[in-house]
Structure formats: C-alpha cells, structure tokens
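# Residue-level structural notes
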Amino acid sequence: MPKRQIVRIDEEKCTGCGLCVTPCAEGAIQIVNGKARIVREELCDGAGFCIGVCPVGALSIEEREAPAFSEEAAHEHLKSKEKTYITQTCFRCGNTEDRIPLLPCRHRGESLWVCTRCLPSLIHG
C-alpha cells in the first residue's frame, strides 16, 4: 500500500459534534457511536476541508500507508447516502455559501466560516 496524505481523527479529543461531516464532499466522515470516523479510507481524498471546522482540534492530516483515494468509490458512496445539506454562514456578515464562497477558518479559538469578502479584513484588520 502506498503512503499518502489522509485525515486523522483523534478519538480522545473528538466530541462527536458532527461539524466535520458536512465539509467532507466525499462522505468519508460519519458519526459512529458518538465519534467522528473515517468510514472507508479510499473515500478520503486528504484535502482536509473538515479540519478547519473542528472546534476541539481533533482532526489533522497525516502521511501514512492507506488505500489510494477512489473518486469512483466516493461517487458511488454518495449516491447511496441520503442527502444532508446544512448551509454554512459567514460569521462576520451573515452571507451564505449559496450567495458567496465561504472558507473554514479559526478565529479566537473557534472554528467558523468566513466569506471571501470578509476574509481580507479578517487578515489585515
């Protein structure tokens, strides 16, 4: 098995809040027995969009041996799941991702979403 980047979930830190589930576009993360879990490693592309939303820092990227990411498996997995969509909102202006691109960020110890309009002022003050 080749080495590649993949999301790691620290079970001790994970509170099972579920905030990491929605940002995972491939559906690799699910809440199982009250904790976030990578359900199948070939579904995780290692992009890490889930990392920025974890309020306790339980998610990270690690490089280790894992099955190769399979776009086909992710597509099939998503087709079999019930659609759950939670619209995210910019914590500064209230814009939703349906209107403007949002990015996950950490601000004052919280994992939040910020829109591309508010990001420059957040960076530069």
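Structure shown above.
Note that the structure is a prediction, hence the values are computed from the model and not measured.

## Describing the side chain of Glu26
The residue Glu26 is located in the loop between β1 (3-9) and β2 (29-32) in this model. Despite its burial, Glu26 pairs with no opposite charge; the closest candidate is Arg4, at 9.2 Å N-O. Apart from residues lying up to four places away in sequence, Glu26 is in contact with Leu43, Asp45, Phe69, Ala74, His77 and Leu78.

## Comments concerning helix α1 (residues 71-80)
When α1 is considered as a whole, its buried residues turn out to be Ala73, Ala74 and His77. Within α1, the buried residues cover an arc of 100 degrees as seen down the axis, which keeps them to one side. In α1, the exposed positions that point more than 90 degrees away from the buried face belong to Glu71, Glu72 and Lys79. Where α1 is buried, its residues touch β2.

## With respect to the pattern of salt bridges
Enumeration over the complete set of coordinates arrives at five salt bridges. Residue Glu62 is joined to Arg8 by a salt bridge in which the shortest nitrogen-to-oxygen separation is 3.8 Å. Remark: Arg8 occurs in strand β1 and Glu62 occurs in strand β4 (residues 59-65); sequence separation between them is 54 residues. For Glu62, a relative accessible area of 24% translates into the label partly exposed. Here Glu62 and Arg64 are joined by a salt bridge, their closest N and O atoms 2.4 Å apart. The class for Arg64 is partly exposed, based on a relative accessible area of 25%. Among the charged side chains, a salt-bridge network with shared partners connects Arg8, Glu41, Glu62 and Arg64.

## Topic: the pairing of β2
With four bridges connecting them, β2 and strand β3 (residues 35-38) associate as antiparallel partners. Across the sheet, Ile31 pairs through a bridge with Ala36, a residue of β3. Between β2 and β3, which pair antiparallel one after the other, the connecting turn spans two residues, and Asn33 there sits at a positive phi close to 55 degrees.

## Overview of the nonpolar core
The tendency in soluble globular proteins is for nonpolar side chains to be buried side by side. In this structure, Cys20, Ile29 and Leu59 are the most contacted members of the largest nonpolar core, which totals 28 residues. Where this core is concerned, the elements lending two or more residues are β1, α1, β5 (102-107) and β6 (110-115). No other element matches the four residues that β6 contributes to this core.

About the thresholds
Residues numbered from 1 in each chain as written. Predicted model: local features only at pLDDT ≥ 70, side-chain atom pairs only at ≥ 80, totals over all residues. Heavy atoms only, no water. Helix = DSSP H or I, 4+ residues; strand = E, 2+ residues; numbered from the N terminus. Buried < 20%, exposed > 50% of the residue type's maximum accessible area, 1.4 Å probe, protein only. Lys, Arg positive; Asp, Glu negative; His and termini not counted. Salt bridge = Lys/Arg side-chain N within 4 Å of Asp/Glu carboxyl O. Contact = heavy atoms within 4.5 Å. Arc of directions from axis to C-beta. Pairing = 2+ DSSP bridges. Core = buried A, V, L, I, M, F, W, Y, C linked by side-chain atoms within 4.5 Å.

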